[in-house]
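# Inside the fold
Chain residues, written in single-letter form:
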Amino acid sequence: VQLQASGGGLVQAGGSLRLSCAVSGSWSGVTAMGWYRQAPGKQRELVAAITSGVITNYAPSVKGRFTISLDRAKNTLYLQMNTLEPGDTAVYYCNLDEYGMESIDRYWGQGTQVTVSS
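So, here is what we can say about the structure in this document. Here the residue numbering is sequential within each chain, running from 1 through the sequence in written order. Per-residue local features of the predicted model are confined to residues with pLDDT of at least 70, and side-chain atom pairs are confined, for both listing and counting, to 80 or more; whole-chain, interface and lining totals are unaffected and use all residues. The basis for every side-chain value is the complete set of non-hydrogen atoms in the structure, without hydrogens or water.

## Some remarks on the pattern of salt bridges
- Salt bridge criterion: a side-chain nitrogen from Lys or Arg within 4 Å of a carboxyl oxygen from Asp or Glu. This structure, assessed with the given rule, holds 5 salt bridges.
- Of the charged contacts, one joins Arg37 and Asp88 as a salt bridge, the two residues approaching to 3.0 Å between their closest N and O atoms. With Arg37 in strand 4 (residues 30–38) and Asp88 in the loop between strand 8 (76–81) and strand 9 (90–99), this pair connects stretches of sequence that are 51 residues apart. Asp88 shares its class with Arg37; the two are buried.
- When salt bridges that share partners are traced, they join Arg37, Glu45, Arg65, Glu85 and Asp88 into one network. Think of it this way: any DSSP run of H or I at least four residues long counts as a helix, any run of E at least two long counts as a strand, and we number them from the N terminus. Classification of residues uses two cut-offs on accessible area relative to the type maximum, computed with a 1.4 Å probe and protein chains only: under 20% is buried, over 50% is exposed, and between them is partly exposed.

Written out as structure tokens, the structure is:
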């Protein structure tokens, strides 16, 4: 499984960006896909996740501003980010977790930088 993230950039506070993550390869079983972010000096944190292509959950700090979605036909995961704040500045990583019988295989994209200026 390979993940390729794109769509980051520099935006002013209050602006919007849409991140994309193209997924290639093959997988089976139950999967969860998500977006994580890591700011300088901080741990990587979950931003949003989608399970079985339908069930979503969000970090409290982004709920109501960010929307995660999955286009199965294009094998592409999206993160629509609205009303961006300087605190959203981080490197964003897309992720796919494949749940096996006894283990979870985790796959990561290369990260895309999002910078929000005040």
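## Quick notes on the state of the cysteines
- When two cysteine sulfur atoms are found within 2.5 Å, that pair is recorded as a disulfide. Going through the model one piece at a time under the given rule, you end up with 1 disulfide.
- Linked covalently through their sulfurs, Cys21 and Cys94 form a disulfide whose S-S length is 2.2 Å. Here the disulfide of Cys21 and Cys94 is right-handed, its torsion about the S-S bond being about 65°. You can see Cys21 sitting in strand 3 (residues 17–24) and its partner Cys94 sitting in strand 9, a full 73 residues away along the chain.
- For Cys94, a relative accessible area of 0% corresponds to the buried category.

## What to know about the sheet that holds strand 1 (residues 2–6)
- Strand order in this open sheet of 4 strands is 1-3-8-7, and the pairing throughout is antiparallel. The sheet is open, and its two edges are formed by strand 1 and strand 7 (66–71), each paired on a single side. Ignoring strand direction, the axes of neighbouring strands in this sheet form an average angle of 15°.
- Two strands qualify as a pair provided DSSP detects at least 2 bridges between them. Inspection of the sheet shows strand 1 paired to strand 3 by 5 bridges, in the antiparallel sense. Its bridge partner being in strand 3, Gln2 is matched across the sheet by Ser24. Note on method: axes are straight lines fitted to C-alpha atoms, helices fitted across the in-contact stretch only, with angles between N-to-C directions ranging 0 to 180 degrees.

## Details of the layout of surface pockets
- Points on a 1 Å grid over protein atoms alone make up a cavity when a 1.4 Å probe fits among them but cannot get out, and a pocket when they form an open set with protein on both sides within 12 Å along at least five of seven lines; lining residues each have an atom within 4 Å of a point. Grid points are joined across faces, edges and corners, and a volume is the space filled by probe spheres set on the points. Its boundaries defined by the atoms lining it, the largest pocket holds a volume of some 160 Å³.
- Along its surface, the largest pocket is lined by 12 residues, and Trp27, Thr31, Met33, Leu70 and Arg72 are the ones closest to its centre.

Any functional reading would require information that these geometric values do not contain.
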